[in-house]
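Single-letter residue listing:
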Amino acid sequence: MYELGWSRLGEAFESEFAKPKGLSIKACHIGADAHEELAVFARRACGKNCLVISDTNTRRAGGDEVVQALSSAGKNVRESVFQSENLDATVELADEVKGLASSSDFLVAVGSGTLSDLAKYAGDALNRPVLLYATAASMNGYTSGVVALEVRGLKRTIPCAPATGVFANPEHAATAPQPMVAAGVGDFLSKCSSTTDWRASNILLDEPFEPKAREFTEGIQEQVIERASAIGRSEPEAVALVLEALLLSGFSMVIAGSSAPASGGEHLISHYIDMKSALYDLPHDLHGAQVGVATVYCLGLWESILALEPAEIDIDALVAQRPSEVQVKEWIDEDWGPVAAEVQAQWDKKKMDPKGLQAHLETFVSSLPRMRDELPEDLLPAPVVKKALQASGGPVTPEELNAPIAEYRNGQRRGRYIRSRFTVLDLAQDLGIS
Ligand SMILES: [Zn+2]
């Protein structure tokens, strides 16, 4: 009944564009028989010995079926079940998983973001296949070629081989805590602002942009918005739709060879809060919850930017009011203390001197008609996204997040400094919009 199987994903894999990339994702399956499909795949494509990692919650939500199916397929299964509480995606834990898996032919993770990233990292380091059994429709990392791990207290996005196979049973995923699927909607819908940032970076800075990385997700965004209330009720068919949307979103990053299609200014705000929470032990939220709130903000910024009248843009005044490098360095030192030099290095890669900023703003003014023409291809109105997030049960204002509101606001203003990628946060602040 919930068999979405390959459908769109299959088409994407077969596309003329994806083939030459030699993608290592060999199977994706969403359906009530996901555990069986995982075992069938393992029998065909993996060795005899496997390590299955899970946590005390995910072990109950599908772990049993996966382990039994693997055993029935003739595999020697070893298991590591972590405590759900305080399970953090740190590089130390990822190295521990690597050690545990060193004598296994392949790894299986039963879980969502953290467990997937631990397995992907270990599998990549050992050059072993990794199969993921997704237990929540909470984020788009299942099919991506990166992991997010804490390294010395700083959250880092580390490139790694994508999983070999991704399997999910929507009936299991529908039993995950409701905020998780709402977070998945936030992470998926963020692509309407991140892809806009990406396209704008192509227009203004001549950064590479690959339209094909977004083409195969067309249509599913509308479906997610339409089904937002059913998602909010965790109806399995609606959760299956979010799973499929997220797998496509992760896949778009693999095709683009960069996280740009799914990570723009809204992700910088989320990363800023995460980095602060890791450094200063502040409460934090699900990735997609933060991203959803920040997406609504970033879409609002784009609306203000595209509504500007060229005649009213006083470039000289904007260049004059740009914060000095001394000021920026003070902010970075204040925010990041022991790791300020690493953040400064990111900023140094994209900062512009007054002359550079002048030229950049002149390019913006002359490109505004083109941007008004082309950016709406991805851009959604902020109220549409806000309504969908609300209906799916997710937060839409910073006040609803666990993160301290002051840190969220700092993220809006200073998130631009933590990564060298151009985003709407840069453009808005250079244009005096906040
Ligand atoms: Zn994300």
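Small disclaimer: the values here were computed from a predicted structure and weren't measured.

Enquirer: Whenever I open this one, the overall build of the protein chain confuses me. Can you help?
Expert: The helix and strand tally for the protein chain stands at 21 helices and eight strands. Computed over the C-alpha atoms, the radius of gyration of the protein chain is 22 Å, within 12% of the 22 Å expected from 2.2 N^0.38 for a compact globule of 434 residues. If one aligns the C-alpha atoms of the protein chain with their principal axes, the spans along those axes are about 70 × 45 × 40 Å. Pairs at least 24 apart in sequence give 80% of the contacts found in the protein chain among residues at least 6 apart. Carbon and sulfur atoms provide 50% of the accessible area of the protein chain, an area that totals close to 17100 Å².

Enquirer: What am I meant to see in the domain arrangement of the protein chain here?
Expert: For the protein chain, the assigned domains are domain 1 (7-176) and domain 2 (195-430). With centres defined by C-alpha atoms, the gap from domain 1 to domain 2 works out at 28 Å. Contacts between the two partners involve 34 residues from domain 1 and, on the opposite side, 31 residues from domain 2. A buried area of about 2900 Å², summed over both sides, lies between domain 1 and domain 2, and 72% of it is on carbon and sulfur atoms. At the junction of domain 1 and domain 2, the tally comes to one salt bridge. Note that Arg156 and Glu342 form a salt bridge whose closest N and O atoms lie 1.9 Å from each other. Inspection of the domain 1/domain 2 interface yields four residue pairs in polar contact (both at pLDDT 80 or more). Counting only elements with at least two residues in the side of domain 1 that touches domain 2, the list comes to helix H1 (7-14), strand E1 (27-30), strand E7 (154-159), strand E8 (165-168) and helix H6 (170-173). Considering each element in turn, the side of domain 1 that touches domain 2 owes the most residues, five residues, to H1. Counted by class, the side of domain 1 that touches domain 2 contains 20 nonpolar, seven polar and seven charged residues.

Enquirer: What should I look at first to understand the environment of Lys355 in this one?
Expert: Its location among the elements puts Lys355 in helix H18 (residues 354-374). C-alpha separation for the pair Lys355 and Arg44, spaced 311 residues apart in sequence, amounts to 60 Å.

Enquirer: Before we go on, may I ask you to explain the pattern of salt bridges in this structure?
Expert: For side chains of opposite charge, pairing can occur when their charged atoms come near one another. Applying the stated rule across the entire model yields 18 salt bridges. Lys276 is the partner of Asp335 in a salt bridge, and the nearest nitrogen-oxygen pair spans 3.2 Å. Here Lys276 lies in helix H13 (residues 265-280) and Asp335 lies in helix H16 (residues 325-336), a separation of 59 residues in the sequence. Summarising the burial analysis for this pair, Asp335 and Lys276 share the class buried. The residue Lys350 makes a salt bridge to Asp426 at a minimum N-O spacing of 2.8 Å. One end of the pair, Lys350, is in helix H17 (residues 340-350); the other, Asp426, is in helix H21 (residues 424-430), with 76 residues separating them in the sequence. The class for Asp426 is buried, based on a relative accessible area of 4%. Connected through shared salt-bridge partners, Lys276, Glu334, Asp335, Glu407 and Arg414 make up one network.

Enquirer: Explain helix H12 (residues 236-256) here, please?
Expert: What sets the pattern is the α-helix's 3.6 residues per turn: residues three or four places apart point alike. The terminal C-alpha atoms of H12, which comprises 21 residues, lie 30 Å apart, in line with the 30 Å expected from a rise of 1.5 Å per residue. After H12 finishes, the residue Gly257 shows a positive phi value of roughly 70 degrees.

Enquirer: How do you make sense of unusual backbone geometry when you look at a structure like this?
Expert: Among all residues save glycine, negative phi is the norm, and among peptide bonds the norm is trans. Backbone geometry at Asn127 places phi at a positive 60 degrees, although glycine is not the residue there. In this structure, Asn127 sits in the loop between helix H5 (113-126) and strand E5 (130-134). The class of Asn127 is exposed, set by a relative accessible area of 71%. Residues other than glycine seldom take positive phi values, yet Asp206 does so here, at roughly 60 degrees. Inspection of the secondary structure assignment puts Asp206 in the loop between helix H8 (191-205) and helix H9 (212-215).

Enquirer: What is the right way to look at the packing of aromatic side chains in this model?
Expert: Working definition: an aromatic ring pair is given by the centre-to-centre distance plus the angle between the planes. Enumeration over the complete set of coordinates arrives at five aromatic pairs. Ring centres 4.6 Å apart and planes at 65 degrees place the aromatic pair Trp198 and Phe209 in the edge-to-face group. With a gap of eleven residues between them, Trp198 in helix H8 and Phe209 in the loop between H8 and H9 connect regions that are remote in the sequence. Of the two residues, Trp198 and Phe209, both sit in the buried class.

Enquirer: Honestly, the pairing of strand E4 (residues 106-111) in this entry has me stumped. Any pointers?
Expert: Two faces, one strand: in a regular strand the side chains alternate between the faces of the sheet. Within E4, six of the six residues are buried, leaving the element largely enclosed by the surrounding structure. Where burial is concerned, the two faces of E4 agree: the one with Phe106, Val108 and Val110 and the one with Leu107, Ala109 and Gly111 are both buried. As defined by bridge partners, E4 adjoins E5 across five bridges and the pair is classed as parallel. What sits directly across from Val110, in E5, is Tyr133. With H5 bridging E4 and the parallel E5, this β-α-β connection has right-handed handedness.

Enquirer: Hey, could you run me through H8 in this one?
Expert: Given a rise of 1.5 Å per residue, 15 residues ought to cover 21 Å, and the 20 Å separating the end C-alpha atoms of H8 matches this to within 8%. The buried fraction of H8 amounts to 13 of the 15 residues, a majority that puts the element mostly inside the structure. Phi for Asp206, located one or two positions after H8, is positive at around 60 degrees.

Procedures and definitions
- Residues numbered from 1 in each chain as written.
- Predicted model: local features only at pLDDT ≥ 70, side-chain atom pairs only at ≥ 80, totals over all residues.
- Heavy atoms only, no water.
- Helix = DSSP H or I, 4+ residues; strand = E, 2+ residues; numbered from the N terminus.
- Rg over C-alpha atoms; globule rule 2.2 N^0.38 Å.
- Contact = heavy atoms within 4.5 Å.
- Areas by Shrake-Rupley, 256 points an atom, 1.4 Å probe, with all protein chains shown as cover.
- Domains from an automatic or database assignment.
- Buried area = accessible area lost by both parts, 1.4 Å probe.
- Salt bridge = Lys/Arg side-chain N within 4 Å of Asp/Glu carboxyl O.
- Polar contact = N/O pair within 3.5 Å; in protein donor to acceptor, adjacent residues only side chain to side chain.
- Nonpolar A, V, L, I, M, F, W, Y, C, P; charged D, E, K, R; others polar.
- Buried < 20%, exposed > 50% of the residue type's maximum accessible area, 1.4 Å probe, protein only.
- Expected span 1.5 Å × (residues − 1).
- Phe/Tyr/Trp six-rings, centres within 6.5 Å; stacked < 30°, edge-to-face > 60°.
- Pairing = 2+ DSSP bridges.
- Right-handed = clockwise from strand over helix to strand, strands pointing away.

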